[in-house]
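Chains, contacts and geometry: an overview
Take a look at the letters that make up each chain.
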Amino acid sequence: ARVGSFGRTRHSSSPASRGEMSAASSSMRRAVARGLRLSARGGATSCSRPEMLVTRGLSASFSSSAGARSASSPGLFEFRVCSVKPGAMDAYLAACASHAGTRARLEPGFLGAFRTSVGGDVNEITRVIAHADYDARDAAIAAMRADPAWTAFCDSTDPLIAHETSEMFLPATKCLEAVAGDSPSDADAEARWRDFFCSKSEKQKTNPGVFELRAYQLELGYNPIPKLMEHMSKGLPSKLKSDTEKNGLLIGMFYSDVGRLNRFIEVWRYDSAKNHIAAREAARGAIEWRECVGHIAPMVQMFDTKLTSPTPCSPVQ
C-alpha cells in the first residue's frame, strides 16, 4: 500500500475530551487501534491562476463538506504540517499546482494551506482539513490511495518532503459562541471559516493576507482545556471590541483530540503584518482580556505564535 505524505504516524493517546465528541468516539478508538494508518499525500496546493480554482471548485467543496456532518457532530479538523526539504519548495509547489484540481475533487474539506514566514521553520506548510468524523476521513484517504492522479502526485512529491505530522482537533465551540454575530453559523467552526471565504470580494480572495497561528500547550489533566475555554469565552469579546479598526479577523479556535493533548490553537487573519501589530497593541487595553490571560497563564506550559502566508490556492487568502 502507498504510504504517501500522511506517513504511518501512530497515535496512542486517548481523546482530550469525551464530552464534545461522543458521536465519533467509537470511530476514533477504532482508528487509534489501527494506528491511524495515514496514507494519502498531503501538502499545500498552489496554482498559477488561483481564481480558477477558487470560483470553480472550492466554494462547492466547502458546502458539500459542511453538509456531510450530522447535526450532533461538531466536526474534526486535521492540522497537517509538512516540512519540505531545503531548496525544494518551488518544485514542491509546482507539483501541487499541477494537481490542484485533483485535490479539490478528492479533498472537499480542504480549508487552507499556510507557509510559515516567521516564528518557525520557513520550509514548513500547515494544511487544515475538515472532516465530518474519523470514518469520513478514512473514506477520503481510501479514495485518494485508489486515484491514479493522486498516485502520480505522490510520486512527484515524495522525494521533496523531509517529514510530515498530523494531529486532530475539535472546534472550541464555546469560545466561538461568545463572539458569534447575528448569523448562527458564526459559532460553527467550519461554517465560520467558509463564510469568511464566501464573504470576501474577488480582489480580497486573491490578495494574500497574514495568518497568525497561536498555540498553547496546557498542563496535563482533564480540566485545563475546559477552564481555558471558559475564561476565553469571557475575555475574548473585549479583545475583539478593542480592535476598533478591525485589523484582525478571528478565523477559528480548536483544541487537540489526537496528538499532543491539551493543545489549543487560534487562527487569525490580518491584511498585513502592520495590522497584526496594531491589533495586538489594542488588545493590551482590553480589561476583560487581560484578566483572561491572567487566569490562563498558570496553566500554560508553552505558548508560541507564528506568522504565515497562504499558498496561492489556499481557499482562504
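For the structure itself, consult the block above.
First things first, this report covers the structure right here in the doc. In this text the structure is predicted, and so the values were computed from the model without any measurement.

Some thoughts on the packing of helix H3 (residues 89-98) against helix H6 (residues 148-157)
- Interaxial distance between H3 and H6 falls to 10 Å at its minimum, and their mutual angle equals 170°. With respect to each other, H3 and H6 are oriented roughly antiparallel. Within the contact between the two elements, H3 uses Tyr92, Ala95 and Cys96 and H6 uses Phe153, Ser156 and Thr157.
- A class-by-class count of the residues in the contact of H3 with H6 yields four nonpolar, two polar and no charged.

As for the sheet that holds strand S7 (residues 263-270)
- Pairing within the closed barrel is antiparallel, and its eight strands lie in the order S1-S3-S2-S8-S5-S7-S6-S4. The mean angle between the axes of side-by-side strands here comes to 35°, regardless of whether they run parallel or antiparallel.
- Here strand S1 (residues 76-84) pairs with strand S4 (residues 161-171) via eight bridges, running antiparallel. The residue of S4 that forms the bridge with serine 83 is histidine 163.
- Strands S1, strand S3 (124-131), S4 and strand S6 (248-258) of the sheet are contacted by helix H5 (residues 134-145), whose axis makes an angle of about 150° with S4.
- Contacting strand S5 (210-218), S6, S7 and strand S8 (300-310), helix H11 (residues 273-283) crosses the sheet at an angle of about 120° to S7.

With respect to the layout of surface pockets
- In this structure, the largest pocket occupies an estimated 930 Å³ of space.
- If you trace the largest pocket, you find 37 residues lining it, with Leu240, Gly248, Leu249, Leu250 and Trp268 closest to the centre.
- Listed by contribution, the elements that provide at least two residues to the lining of the largest pocket are helix H8 (189-199), S5, helix H10 (224-242), S6, S7, H11, helix H12 (287-296) and S8.
- Across the lining of the largest pocket, the residue classes break down as 18 nonpolar, four polar and 15 charged.
- Of the pockets and cavities examined, the second largest pocket occupies roughly 260 Å³.
- Around the second largest pocket, the lining comprises 16 residues; the ones closest to its centre are Ala215, Arg260, Arg263, Ile265 and Lys306.
- Listed by contribution, the elements that provide at least two residues to the lining of the second largest pocket are S1, S3, S4, S5, S7 and S8.

Here is what the cut-offs are and how they apply
- Residues numbered from 1 in each chain as written.
- Predicted model: local features only at pLDDT ≥ 70, side-chain atom pairs only at ≥ 80, totals over all residues.
- Heavy atoms only, no water.
- Axes fitted to C-alpha atoms, helices over the stretch in contact; angles between N-to-C directions.
- Helix = DSSP H or I, 4+ residues; strand = E, 2+ residues; numbered from the N terminus.
- Parallel < 35°, antiparallel > 145°, perpendicular 65-115°, else oblique.
- Contact = heavy atoms within 4.5 Å.
- Nonpolar A, V, L, I, M, F, W, Y, C, P; charged D, E, K, R; others polar.
- Pairing = 2+ DSSP bridges.
- 1 Å grid on protein atoms, 1.4 Å probe; cavity = no way out; pocket = protein on both sides within 12 Å on 5 of 7 lines; lining within 4 Å.
- Points joined across faces, edges and corners; volume = space filled by probe spheres on them.

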